[in-house]
Amino acid sequence: DIVLLLLVVMLFGYFAFFKEVLEYGDSFQYLHQYPMREPVYSLLLQLLQTVFGEAFMPVLGYVQNLLAVICIYFGYRRLSDIYEFGPLFRIGTMVFLLAPHVLTPLASQTHLVLTDSVMTEGITVSVFYVWMTMLLGILTDYYGEKKSKAVTVNIVLATVLALTRGQMAVCIIMWLLVMIYKAIDTKKYKLIALFAVVAVCAFPIKSQITKWYNLAETGFYVDTVSSKPMLLANIVYVAEQEDANAIEDEVL
């Protein structure tokens, strides 16, 4: 464990101190709090800009790389403990957890380092590891008497992930499915309704937080506005001229 932890620290220490933090296609929208993006990552950038001014970019790299070290080691230890892995499987687990951070800079055309990028992946991959391995712990009864606390933390993390990147709302659904399975498995059927209410409430809570964030930043009380306009833009982009014949409404 100590050897693997040192290797992780060395890898992300190298990323933090010897690799430059770079902007990519979506970075501008997060840096300027566009209402088409979820609030968590934009608020992190805004906080760092407020505290460190124009020198915030290296600090962002330190934060994202430190978070990766903590979350990867947490995921590694949790998986190793849940399934009682021996040394070989512990090494394999760490290799799998590090794969996105190693393969992306080596194999992609951009040589992108996730933790040295102004992208939501800089934090969502790390937090996802914690959320997923906690969910596996709940599924396998790893937490024992602390299960209720783990269940609560897990749904909070799922909501935070959804508030960081919209597609991660699937984590709330996965949480609900696991909770329903555990309720059925333990014959506590009344809990199914409670879990369903919590999951259903998580979506409007996410929406309201986003709306109040956009109201504060832009003056518009709106949810993330990218979905319908983005869908329309993609349809128009790939459409052929003759496709218009299929639209019966003359106004459209």
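Preceding this section is the structure that the text describes.
Caption draft 1: The arrangement of the packing of helix 7 (residues 147–164) against helix 9 (residues 190–218) in detail. In contact at an axis separation of 10 Å, helix 7 and helix 9 are set at 35° when each is read in the N-to-C sense. In this structure, the crossing between helix 7 and helix 9 has a hand that is right-handed. Within the contact between the two elements, helix 7 uses V151, I155, T159, A162 and L163 and helix 9 uses F195, V198, A202, K206, I209 and T210. Within the contact of helix 7 with helix 9, the residues separate by chemical class into eight nonpolar, two polar and one charged.

Caption draft 2: Looking closely at helix 4 (residues 56–82). Taking 1.5 Å of rise per residue, 27 residues should cover 39 Å, and helix 4 covers 38 Å from first to last C-alpha, within 8% of that figure. E84 lies just past helix 4 and shows a positive phi near 50°.

Caption draft 3: Highlighting a nonpolar patch on the surface. Taken together, the side chains of V170, I173, M174, L177 and F203 make up a nonpolar region of the molecular surface, amounting to roughly 420 Å² of accessible area. The element best represented in the nonpolar patch is helix 8 (residues 170–185), accounting for four residues. Note on placement: L177 falls in helix 8. For L177, a relative accessible area of 54% corresponds to the exposed category.

Caption draft 4: Spotlight on the state of the cysteines. In total, this model carries zero disulfides according to the counting rule given. Cysteine C71 remains unbridged, with the sulfur of C171 as its closest cysteine sulfur at 13 Å. Residue classification places C71 among the buried positions, given a relative accessible area of 6%.

Caption draft 5: Inspection of helix 1 (residues 2–18) at higher detail. The terminal C-alpha atoms of helix 1 lie 23 Å apart, and with 17 residues this matches the ideal 24 Å at 1.5 Å per residue to within 8%. Those residues of helix 1 that fall on the buried side of the exposure criterion are L4, V8, F12, F15 and A16. Projected down its long axis, helix 1 shows its buried positions confined to an angular sector of 105°, all on one face. Pointing more than 90 degrees away from the buried face of helix 1 are the exposed residues I2, V3, L6, M10, F17 and F18.

Caption draft 6: View of the side chain of T210. With respect to the element layout, T210 can be found in helix 9. Here the side chain of T210 touches K206 through a polar contact of 2.9 Å, landing on its backbone oxygen. Aside from chain neighbours lying at most four places away, what touches T210 is P39, L163, V222, D223 and T224.

Caption draft 7: Expanded view of the pattern of salt bridges. For the structure on display, the rule yields seven salt bridges. Here R90 makes a salt bridge to D1, at a shortest N to O gap of 2.9 Å. Placement of the pair is R90 in helix 5 (residues 87–107) and D1 in the segment before helix 1, with a sequence separation of 89 residues. Residue D1 is classed as partly exposed on the basis of its relative accessible area of 35%. Sharing partners across several salt bridges, the network here consists of D1, R77, D81 and R90.

Caption draft 8: Examining the packing of helix 3 (residues 39–52) against helix 4 more closely. In contact at an axis separation of 9 Å, helix 3 and helix 4 are set at 130° when each is read in the N-to-C sense. Taken together, helix 3 and helix 4 sit at an angle that is classed as oblique. For the element pair helix 3 and helix 4, the recorded crossing hand is right-handed. Contacts between helix 3 and helix 4 involve Y41, L44, L45, L48, Q49 and F52 from the first element and F56, V59, L60 and Q64 from the second. Its residues placed into classes, the contact of helix 3 with helix 4 shows eight nonpolar, two polar and no charged.

Caption draft 9: Summary view of the packing of aromatic side chains. In total, this model carries 13 aromatic pairs according to the counting rule given. Ring geometry for Y14 versus F15: centroids 6.0 Å apart, planes at 50°, classification tilted. Overall, Y14 belongs to the partly exposed group, its relative accessible area being 42%. In this structure F15 comes out as buried when scored by relative accessible area, which is 5%. Consider the rings of Y14 and F18, whose centres lie 5.9 Å apart with planes at 25°: the pair is stacked. Taken as a pair, Y14 and F18 lie in helix 1 at a separation of four residues, close to a single helical turn.

What counts, and where the lines are drawn
Residues numbered from 1 in each chain as written. Predicted model: local features only at pLDDT ≥ 70, side-chain atom pairs only at ≥ 80, totals over all residues. Heavy atoms only, no water. Axes fitted to C-alpha atoms, helices over the stretch in contact; angles between N-to-C directions. Helix = DSSP H or I, 4+ residues; strand = E, 2+ residues; numbered from the N terminus. Left-handed = near helix turned anticlockwise from the far one by under 90°. Contact = heavy atoms within 4.5 Å. Nonpolar A, V, L, I, M, F, W, Y, C, P; charged D, E, K, R; others polar. Expected span 1.5 Å × (residues − 1). Patch = residues over 30% accessible without salt bridge, like charges linked within 9 Å, V, L, I, M, F, W, Y side chains within 5 Å. Areas by Shrake-Rupley, 256 points an atom, 1.4 Å probe, with all protein chains shown as cover. Salt bridge = Lys/Arg side-chain N within 4 Å of Asp/Glu carboxyl O. Buried < 20%, exposed > 50% of the residue type's maximum accessible area, 1.4 Å probe, protein only. Disulfide = S-S within 2.5 Å. Arc of directions from axis to C-beta. Polar contact = N/O pair within 3.5 Å; in protein donor to acceptor, adjacent residues only side chain to side chain. Parallel < 35°, antiparallel > 145°, perpendicular 65-115°, else oblique. Phe/Tyr/Trp six-rings, centres within 6.5 Å; stacked < 30°, edge-to-face > 60°.

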